[in-house]
Amino acid sequence: MSNATSSHPPDAIRKKVTAPAVRARKGREPLTMVTAYDFPGGKVADQAGVDIILVGDSVANVVLGYETTNQVTLADMIHHTAAVARARPRALLVADMPWMTFHVSPEETLRNAGRLVREGGAEAVKLEGGAPRVEMIRKLVSAEIPVMGHIGLTPQSVHAAGGYQVQGRRLEDARLMVEDALALDRAGVFALVLEGVPASLAQAITRRVSVPTIGIGAGPGTDGQVLVMHDMLGLNFGHYPKFVRRYADLSREAVAAIDRWIRDVRRGAFPSEDESYHMIDAAALELIEEPGTDLAIGRR
Ligand code: KIV
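Residues numbered from 1 in each chain as written. Predicted model: local features only at pLDDT ≥ 70, side-chain atom pairs only at ≥ 80, totals over all residues. Heavy atoms only, no water.

Things to note about the overall build of the chain
The criterion, for reference: Put simply, DSSP H or I for four residues or longer makes a helix, DSSP E for two residues or longer makes a strand, and each gets a number counted from the N terminus. All radius of gyration figures rest on C-alpha atoms, and the globule criterion is 2.2 Å times the number of residues raised to 0.38. Relative accessible area decides the class of each residue, using a 1.4 Å probe on protein chains only: under 20% of the type maximum gives buried, over 50% gives exposed, and in between gives partly exposed. By definition, residues are in contact when any of their heavy atoms lie within 4.5 Å. Within this scheme the basic residues Lys and Arg register as positive and the acidic residues Asp and Glu register as negative, but His and the chain ends are omitted. Think of each charge as sitting on NZ of Lys, CZ of Arg, CG of Asp or CD of Glu.
Within the chain, the regular secondary structure consists of 12 helices and eight strands. For the chain, whose C-alpha radius of gyration is 24 Å, the value lies well above the compact-globule estimate of 19 Å for 300 residues. With the C-alpha coordinates of the chain rotated into their principal frame, the extents come out at 90 × 40 × 35 Å. Counting all 300 residues of the chain, 45% fall into the buried class. A fraction of 59% describes how many contacts in the chain between residues 6 or more apart in sequence connect residues 24 or more apart. With 34 positive and 36 negative side-chain charges, the chain shows a spacing of 9 Å between the two charge centroids.

Rendered as structure tokens:
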């Protein structure tokens, strides 16, 4: 596949991205992470040259049509992660641990993360939450499963938080978030997502932790950025938060393309001769055009 239109080096000299390689990017060239949920999504993200592909539990909202991410199951996440893994991305493949798969005990957390790795092909997992998750993260890290943290606006906390609000605007909340970030750093995460956080706080956390921060709605001062693919491509039929920049309007293009096809079919302009199969032996038509039948197979 040609790389002519993308901004990264040719495939031959692009190395597989690993969790330690992401960890080593702290303070260097900004990291890019985008979500993908299936084989074509994985191919598209990888051909564009992102560093990390996240099979986010946002699959709930943007692909499966659920109201919240809490509806997504471990089986859903394994299914979608495996589809992306079959694209064999050069990018690091991270799978989200869905709600209630890392809350009960470290042992259960490890079993669930193990399934995302073994059955889904994930190379790392991401889980939401701060200090209360430290025990679970340590268990995964000790089993050599790389873990990405996620603090700030954590969508799985929607019911406890009473909605989706920017987090850490007040000093006391900001202090707690810094403590959470430091606790996750000490627990051994290799990167940390900061979602829905004031830009100045995200920058302060970025300075304090030893691992790269990856921001979404967290301003420009993080070590990297992440966006939901369906948001940036204009394929989300729900709400677009203010931090989303739309780089394409694919839903409009898709509707227009299918509309053109409908018109072509209706006016007899699809399929053409070139889009049809033809018989090798035209004489064979006589065998099937028995007198008295009105079969007209292969005429077009
Ligand atoms: O599920 C997801 O898409 C995410 C990103 C927004 C970071 O967690």
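Quick notes on the site of the ligand
Under the convention used in this document: A single heavy atom is enough: if one lies within 4 Å of a molecule or strand, its residue is considered near that molecule or strand. For the purposes of these results, a polar contact is taken to be a pair of N or O atoms within 3.5 Å, where, inside protein, one atom must be able to donate a hydrogen and its partner to accept one; residues adjacent in sequence count only when each atom of the pair is a side-chain atom. Throughout, the Shrake-Rupley method with a 1.4 Å probe supplies accessible areas, and for residues the shown protein chains are the sole cover considered. For this scheme, ten residues count as nonpolar: Ala, Val, Leu, Ile, Met, Phe, Trp, Tyr, Cys and Pro. Four count as charged, namely Asp, Glu, Lys and Arg, and the remainder, Gly too, count as polar.
Inspection of the region around the ligand gives T35, L54, G56, D57, S58, D96, K126, H150, E195, I216 and V228 as its neighbouring residues. At 3.0 Å, a side-chain N or O of D57 approaches an oxygen atom of the ligand. S58 places a polar side-chain atom, nitrogen or oxygen, 2.5 Å from an oxygen atom of the ligand. Expressed as a share of its isolated accessible area of 250 Å², the protein-covered part of the ligand is 95%. Residue composition of the shell around the ligand, grouped by class: three nonpolar, four polar and four charged.

Regarding the packing of helix α4 (residues 74-85) against helix α5 (residues 106-118)
Stated formally: Every axis in this analysis is a line fitted to C-alpha atoms, fitted for helices over the stretch in contact. Angles between the N-to-C directions lie between 0 and 180 degrees. Orientation is classified from the angle alone, with under 35 degrees giving roughly parallel, over 145 giving roughly antiparallel, 65 to 115 giving roughly perpendicular, and any other angle giving oblique. Crossing handedness: left-handed means the near helix sits turned counterclockwise from the far one by under a right angle, and right-handed means the same turn made clockwise.
Where α4 contacts α5, the two axes come as close as 9 Å, and the packing angle between them is 25°. Our classification of the angle between α4 and α5 gives roughly parallel. Judged by the twist between their axes, the crossing of α4 over α5 is right-handed. Touching L74, M77, I78 and T81 of α4 are N112, R115 and L116, all from α5.

Quick word on helix α8 (residues 171-187)
For an α-helix, 3.6 residues make a turn, and residues three or four places apart therefore share a direction. This is how it is decided: Helices are assigned an expected span. That span is 1.5 Å times one less than the residue count.
For α8, built from 17 residues, the straight-helix expectation of 24 Å at 1.5 Å per residue is met to within 8% by its first-to-last C-alpha distance of 24 Å. Within the sequence span of α8, burial applies to A174, M177, V178, A181, L182, A183, L184, D185 and A187. Of the surrounding secondary structure, the elements contacted by the buried residues of α8 are α6 (134-142), β5 (147-152), β6 (191-195) and α9 (199-208). At the exit of α8 stands G188, carrying a positive phi of roughly 110°.

Some points on the nonpolar core
Note that soluble globular proteins tend to have their nonpolar side chains buried in a common cluster. Definition in use: By nonpolar core we mean a set of buried residues, namely Ala, Val, Leu, Ile, Met, Phe, Trp, Tyr and Cys, connected to one another through side-chain atoms within 4.5 Å.
Among the nonpolar cores identified, the biggest contains 52 residues, and L116 and I205 are the most heavily contacted of them. It is α8 that provides the largest number of residues to this core, a total of eight residues. Contacts of L116, omitting those with residues within four sequence positions, involve L74, M77, I78, T81, A95, D96, M97, G121, A122 and V125. Counting 17 residues, the second largest nonpolar core, distinct from the first, contains I52, L92, V94 and A191.

Observations concerning the packing of aromatic side chains
Applicable threshold: Working definition: a ring pair exists when centres of Phe, Tyr or Trp rings (six-membered ring for Trp) sit within 6.5 Å. Plane angles under 30 degrees give stacked, over 60 give edge-to-face, the rest tilted. Here, a charge over a ring is recorded when the distance from Lys NZ or Arg CZ to the ring centre is within 6 Å and its angle to the ring normal is within 35 degrees.
Overall, the coordinates contain one aromatic pair when judged by the stated rule. For the ring pair W261 and F270, a centre distance of 6.3 Å and an interplane angle of 70° mean the geometry is edge-to-face. In this structure W261 comes out as partly exposed when scored by relative accessible area, which is 45%. Above the plane of the ring of Y240 lies R246, whose end atom (NZ or CZ) is 3.6 Å from the centre.

Topic: the sheet that holds strand β8 (residues 224-227)
To keep it simple, the criterion reads: At least two bridges found by DSSP between two strands are what make those strands a pair.
Around the barrel, which closes on itself, the eight strands sit in the order β1-β2-β3-β4-β5-β6-β7-β8 with parallel pairing between neighbours. Averaged over neighbouring strand pairs, the angle between their axes works out to 25° when direction is ignored.

Focus: the domain arrangement of the chain
Defined as follows: Where each domain begins and ends follows an automated or database-derived domain assignment.
Looking at the assigned domains, one finds that the chain contains domain 1 (11-249) and domain 2 (253-299). When each unit is reduced to the centre of its C-alpha atoms, the spacing between domain 1 and domain 2 is 48 Å.

A closer look at the pattern of salt bridges
Rule in force here: Salt bridges are counted wherever a side-chain nitrogen of Lys or Arg sits within 4 Å of a carboxyl oxygen of Asp or Glu.
Enumeration over the complete set of coordinates arrives at 11 salt bridges. With its nearest N and O atoms 3.9 Å apart, the salt bridge here joins E107 to K139. Of the two residues, E107 is situated in helix α5 and K139 in helix α6; the sequence distance between them amounts to 32 residues. Of the residues examined, K139 reaches a relative accessible area of 28% and is grouped as partly exposed. Here E119 and R115 are joined by a salt bridge, their closest N and O atoms 2.8 Å apart. The class for E119 is partly exposed, based on a relative accessible area of 42%. Residues participating in the shared-partner salt-bridge network are R25, E29 and D51.

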